[in-house]
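Okay, here's what each chain looks like letter by letter:
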Amino acid sequence: MDRVALRDPFLDIEKNVTTIHDKLKSRDSEISKTKSRRNRIAIAFCLSLVLVGISGFTFSGHTGQETDDTKSNDEKESIVTSKNGVVAADHEKCSEIGADVLGRLDGTAVDAAVAVAFCLGVVNPTSSGIGGGAFMVVRSSNGSALTYDMRETAPSTAHQDMFEGKEEEIMKGPLSVAVPGEVAGLYEAWTRNGRRVDWKLLVEPSIKLARDGFKVGSHLAFALTVPDVANKVMNDPGLKNVFTDGNEVLKKGDNCTNAKLAETLEKVAEKGMKAFYEEDVAEMLVDDLNEAGGNMTLDDLRSYKVNVVEPMVVDDVLGYKIQGMWPPSSGTPSFAMVMNVMERYNDLKTSDRNLALHRLIEAMKYMLAARMDLGDPAIVDGIDKAVEKMVSKSFAEKIQEEISDDTTYDPEHYLDKYSQLKDQGTSHFSVVDRYGNAVSMTTTVNYAFGSGFMSPSTGIILNNQMADFSIPTGGTSNSLPPAPANYIAPHKRPLSSMMPLIITKNNELAGVIGASGGIYIIPAVIQVFLNHFVFDMSPLEAVNSPRVYHKLKPNEVLYEDWKVYNGDHILLEEDTRKVLESKNHVLKLTKQGAIVQLVVQNRVGDTKTDLTAVSDLRKGGKPAAAIAAPAPAPAPSSMF
């Protein structure tokens, strides 16, 4: 896959990638409710409508529509509907800023996405920011689509043995920093698919938040109480200055400012990506990193390129078409692989839900093993063949034949060869504007506060994305060897679990989905997709239902058992756990998981219904709906 330089008006996809793309394209009741979600689930189970299990398999035959009378205040705030555009992000302020762009400023989905991304980097800096990277999928109302790979790249001096004898430095500190791509990607997407709203106007709300301050929210406050995160903040002068009062970390409701970041954002607002990659911001960033012991050069920033290509398309996923990212994102091929296995069970909607859950877990375990053959196709040969295998119907048939309905197996049974990717963090948001244009974007600095290094001159928190690479010395006597396809190389992009997706049916937009949470992302998105698009759950219930996860090693099913910020207790049903244990699954509770942001658009006959946006309660996010501008400008026929 060729890298497309910024401002290049032409798209070019390498022949072997196009081959896979062409192959993919050629493949062509209402339950009584109470005010308590737990009571609703219990009632549904008694009525045999429960898929006792992971997220999506909670209800079958649910019509999906909830009334205001059956929802708590927190649930009401977690879902919005509108004809004028919606934003689902993991912070209320950022959803509101995006909705304002869609409504008052009559911007496109890409315009709103730019504003939302900058906002998240200010108010939820543990997860994202301009010191990191992202993947973005954009679909125009006319059906055309592009993807923006703004993933971080290894510096030009990087090599696969650079962390030998100092493996801990791949996790934190200046050497763990990869070349940031978010600003370049946002500017490129805005140049191609936005521009209905001036760039400066899109950055200004975040400048104000950084300069004047914002109230520390639930997620940031919780992150600051985690011992490892608090230590990271206390040990870095820049982070300590911003996120503590000098002695203790900030608490929920405290005012937080970052004056240096505000100055940097002002420069980016005035000069666009040039300020970040070519001029004074770039120079200060590199000087700060090198003074601290980093290895990034000014040329690394100046030569950074956003990869802009048509999306990876997976046709006929249980009646839907999926548009997503190519590698180094492992999300789209992983999604396709699991769905190809699941659709072979013709009784998916009517079968015993516990059995369906078991089958899904087994399919995901095969997927986790297979995805470790992926890497950056611009650097590593054979990635196209690995993708082709994962999306193959014949490969799915072989996997399904190996799945036992009675038991699970040790990791070796799933062709497990390499140790798993250990990516973390991230933030996701989904946007649809009034014209039907859509954006799905996942952004990250990797671990909480990234490298734990804030550039003192710029206020930018730098990523630790080098930790997403495999290194030859990364294995131990108790683990599998590292994956060679993901070894460090100059300008290489590390493998990722991020999975922004756009879902269509009959050439019409059906949904926009994605998640944050590292290795938990793929299982979460799969479960929510099944919940709503296959098992007819409402968008709200589809997102909020309990989920399970797997890492292949250790050989454990992680099930959710945690109280989220609004006080709700998310817990997988005991009966489900017993059934899984009877099939030899080892269960372990987890108080963390992925955070899904979902937008859906349904059709009734030939009429489009309102857009519905849901933000996951697990991170305390809230969606927002656009209010129509008094006199909107003429609608664009498309963004392309």
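Located above this text is the structure these notes cover.
Residue positions within a chain follow its written sequence, with the count starting from 1. A pLDDT threshold of at least 70 governs which residues receive local features in this predicted model, and a stricter bar of 80 or more applies before side-chain atom pairs are shown or counted, although totals over entire chains, interfaces and linings include all residues. Derived side-chain values reflect all non-hydrogen atoms in the structure, with water molecules and hydrogen atoms excluded from consideration.

Caption draft 1: Helix α7 (residues 199-212), seen in detail. Taking 1.5 Å per residue as the helical rise, α7 with its 14 residues ought to reach 20 Å, and the 21 Å between its terminal C-alpha atoms agrees with that figure. Here's how the labels work: a residue is buried when its accessible area is under 20% of the maximum for its type, exposed when over 50%, partly exposed in between, all with a 1.4 Å probe on protein chains only. Secondary structure elements are defined from DSSP: runs of H or I of at least 4 residues count as helices, runs of E of at least 2 residues count as strands, and each element is numbered from the N terminus. When α7 is considered as a whole, its buried residues turn out to be Trp 199, Leu 202, Val 203, Ser 206, Ile 207, Leu 209 and Ala 210. By definition, residues are in contact when any of their heavy atoms lie within 4.5 Å. Buried residues along α7 sit in contact with α4 (92-102), α5 (109-123), α6 (182-193), β5 (214-215), β6 (255-256) and α11 (259-271). With a side-chain oxygen positioned 3.0 Å from the backbone nitrogen of Lys 200, the residue opening α7 is Asp 198. Multiply 1.5 Å by the residue count of a helix minus one, and that product is the helix's expected span. Polar contact is the term for a pair of N or O atoms within 3.5 Å; when the atoms are in protein, one must be able to donate a hydrogen and the other to accept it, and sequence-neighboring residues count only if both atoms are side-chain atoms.

Caption draft 2: Layout of the state of the cysteines. Two cysteine sulfur atoms form a disulfide, by the criterion used here, when they sit within 2.5 Å. The full count for this structure, using the stated rule, is one disulfide. Between the sulfur of Cys 94 and that of Cys 119 lies a disulfide, 2.1 Å long from S to S. Residues Cys 94 and Cys 119 are joined through a disulfide that is left-handed, its torsion about the S-S bond being -80°. Taken together, the positions of Cys 94 in helix α4 and Cys 119 in helix α5 put the pair 25 residues apart, joining distant regions of the chain.

Caption draft 3: Unusual backbone geometry, seen in detail. Geometrically, the link from Pro 327 to Pro 328 is a cis peptide bond, its omega value of 25° lying close to zero. Structurally, Pro 328 can be placed in the loop between β9 (320-324) and α15 (331-342). With a phi angle near 55°, Leu 318 is a residue other than glycine that sits in the positive phi range. Its place among the elements puts Leu 318 in the loop between β8 (312-317) and β9. Unlike most non-glycine residues, Leu 552 shows phi in positive territory, near 70°. For Leu 552, the position within the fold is in the loop between β14 (548-550) and β15 (557-563). Residue Leu 552 is classed as buried on the basis of its relative accessible area of 0%.

Caption draft 4: Focus on the pairing of strand β4 (residues 145-150). With six of six residues buried, β4 is to be regarded as a mostly interior element. Where burial is concerned, the two faces of β4 agree: the one with Ala 145, Thr 147 and Asp 149 and the one with Leu 146, Tyr 148 and Met 150 are both buried. When DSSP locates at least two bridges between a pair of strands, those strands are taken to pair. Summarising the sheet, strand β3 (residues 133-139) and β4 pair through six bridges and their orientation is antiparallel. Bridge assignment links Ala 134 to a residue of β4, and that residue is Met 150. Between β3 and β4, which pair antiparallel one after the other, the connecting turn spans five residues, and Gly 143 there sits at a positive phi close to 95°. Two elements, β4 and strand β7 (residues 307-309), share three bridges in a ladder whose sense is antiparallel. Note that in β7 the partner of Thr 147 across the bridge is Val 309.

Caption draft 5: Broad picture of the nonpolar core. Here, nonpolar core refers to any group of buried Ala, Val, Leu, Ile, Met, Phe, Trp, Tyr and Cys residues whose side-chain atoms link them within 4.5 Å. In this structure, Phe 335, Phe 529 and Leu 530 are the most contacted members of the largest nonpolar core, which totals 88 residues. Considering each element in turn, this core owes the most residues, 10 residues, to helix α19 (residues 521-534). When near neighbours in sequence (up to four residues on either side) are disregarded, Phe 335 contacts Val 317, Ile 322, Met 499, Leu 501, Val 525, Ile 526 and Phe 529. Formed by 85 residues, the second largest nonpolar core is a distinct cluster that contains Val 110, Met 136, Leu 209 and Ile 460.

Caption draft 6: Main features of the pairing of strand β10 (residues 427-433). Of all seven residues that make up β10, seven are buried, and the element is covered over most of its length. Here β10 shows a buried face lined by Ser 427, Phe 429, Val 431 and Asp 433 and a second buried face lined by His 428, Ser 430 and Val 432. Where strand β2 (residues 85-88) lies against β10, four bridges are found, and the strand directions are antiparallel. The partner of Gly 85 across the bridge, within β10, is Asp 433. As judged from the six bridges shared by β10 and strand β11 (residues 438-444), these two strands associate in the antiparallel manner. What sits directly across from Ser 427, in β11, is Thr 443. Taking the residues that link successive antiparallel strands as the turn, the β10-β11 hairpin has four residues, and the phi of Gly 436 there is positive, at about 95°.

Caption draft 7: Just the environment of Asp 405, in detail. Secondary-structure assignment places Asp 405 in the loop between α18 (393-402) and β10. When its relative accessible area of 26% is taken as the criterion, Asp 405 is described as partly exposed. Each C-alpha atom of the pair Asp 405 and Lys 583 lies 8.1 Å from the other, and the pair is 178 residues apart in sequence. When residues no more than four places from it in sequence are discounted, the contact partners of Asp 405 are Leu 355, His 358, Arg 359 and Lys 583.

Caption draft 8: Region of interest: helix α9 (residues 227-234). Burial in α9 covers these residues: Val 229, Ala 230, Lys 232 and Val 233. Looking straight down α9, one finds its buried side chains confined to an arc of 160°; they lie on one side. In α9, the exposed positions that point more than 90 degrees away from the buried face belong to Pro 227 and Asp 228. Those residues of α9 that are buried are in contact with α8 (218-225) and α10 (237-243). Picture the helix axis, draw a direction to every C-beta atom, and the arc is the one those directions span.

Caption draft 9: Layout of the packing of helix α16 (residues 353-370) against α19. Angles run from 0 to 180 degrees between N-to-C directions of axes, and those axes are lines fitted to C-alpha atoms, restricted for helices to the stretch in contact. In the contact formed by α16 and α19, the axes pass within 11 Å of each other and the chain directions differ by 140°. Pair α16 / α19 crosses with right-handed handedness. For the pair α16 and α19, contact is made by Leu 360, Met 364 and Met 367 and by Ile 522, Pro 523, Ile 526, Gln 527 and Leu 530, respectively. Any residue outside Ala, Val, Leu, Ile, Met, Phe, Trp, Tyr, Cys, Pro, Asp, Glu, Lys and Arg is labelled polar, Gly included; the first ten of those are nonpolar and the last four are charged. Classifying every residue of the contact of α16 with α19 by side-chain character gives seven nonpolar, one polar and no charged. For any pair of crossing helices, the crossing counts as left-handed if the nearer helix is rotated counterclockwise from the farther one by less than a right angle, and right-handed if it is rotated clockwise.

Caption draft 10: Region of interest: the packing of aromatic side chains. For Phe, Tyr and Trp, rings pair up if their centres lie within 6.5 Å, where Trp contributes its six-membered ring, and each pair is then called stacked (planes under 30 degrees apart), edge-to-face (over 60) or tilted (otherwise). Evaluation of the coordinates by the stated rule reveals 14 aromatic pairs. When the ring of Tyr 320 is compared with that of Phe 529, the centres are 5.9 Å apart and the planes differ by 80°; the resulting orientation is edge-to-face. Within this pair, whereas Tyr 320 is found in strand β9, its partner Phe 529 is found in helix α19, the two being separated by 209 residues in sequence. Under the relative-accessibility criterion, Phe 529 is labelled buried at 1%. Taken together, a centroid distance of 5.1 Å and an interplanar angle of 70° make the contact between Tyr 320 and Phe 533 edge-to-face. Of the two residues, Tyr 320 sits in strand β9 while Phe 533 sits in helix α19, which places them 213 residues apart along the sequence. An identical accessibility class is assigned to Tyr 320 and Phe 533; each is buried. The structure contains a cluster of three or more aromatic residues connected by ring pairs, namely Phe 118, Tyr 187, Trp 190 and Trp 199. When the ring centre of Tyr 320 is taken as reference, the NZ or CZ atom of Lys 505 above it lies at 4.8 Å. A ring is considered to have a charge above it if a Lys NZ or an Arg CZ atom is located within 6 Å of its centre and within 35 degrees of its normal.

Caption draft 11: Just the side chain of Asp 90, in detail. Position of Asp 90 among the secondary structure elements: in the loop between β2 and α4. Within the local environment of Asp 90, its side chain forms a polar contact with the side chain of Asn 124, the two groups lying 3.3 Å apart. Among the polar contacts made by the side chain of Asp 90, one reaches the side chain of Lys 619 at a distance of 2.9 Å. Those residues in contact with Asp 90 that sit more than four places away from it in its chain are Leu 120, Asn 124, Ser 427, His 428, Ser 516, Gln 597, Lys 619 and Gly 621.

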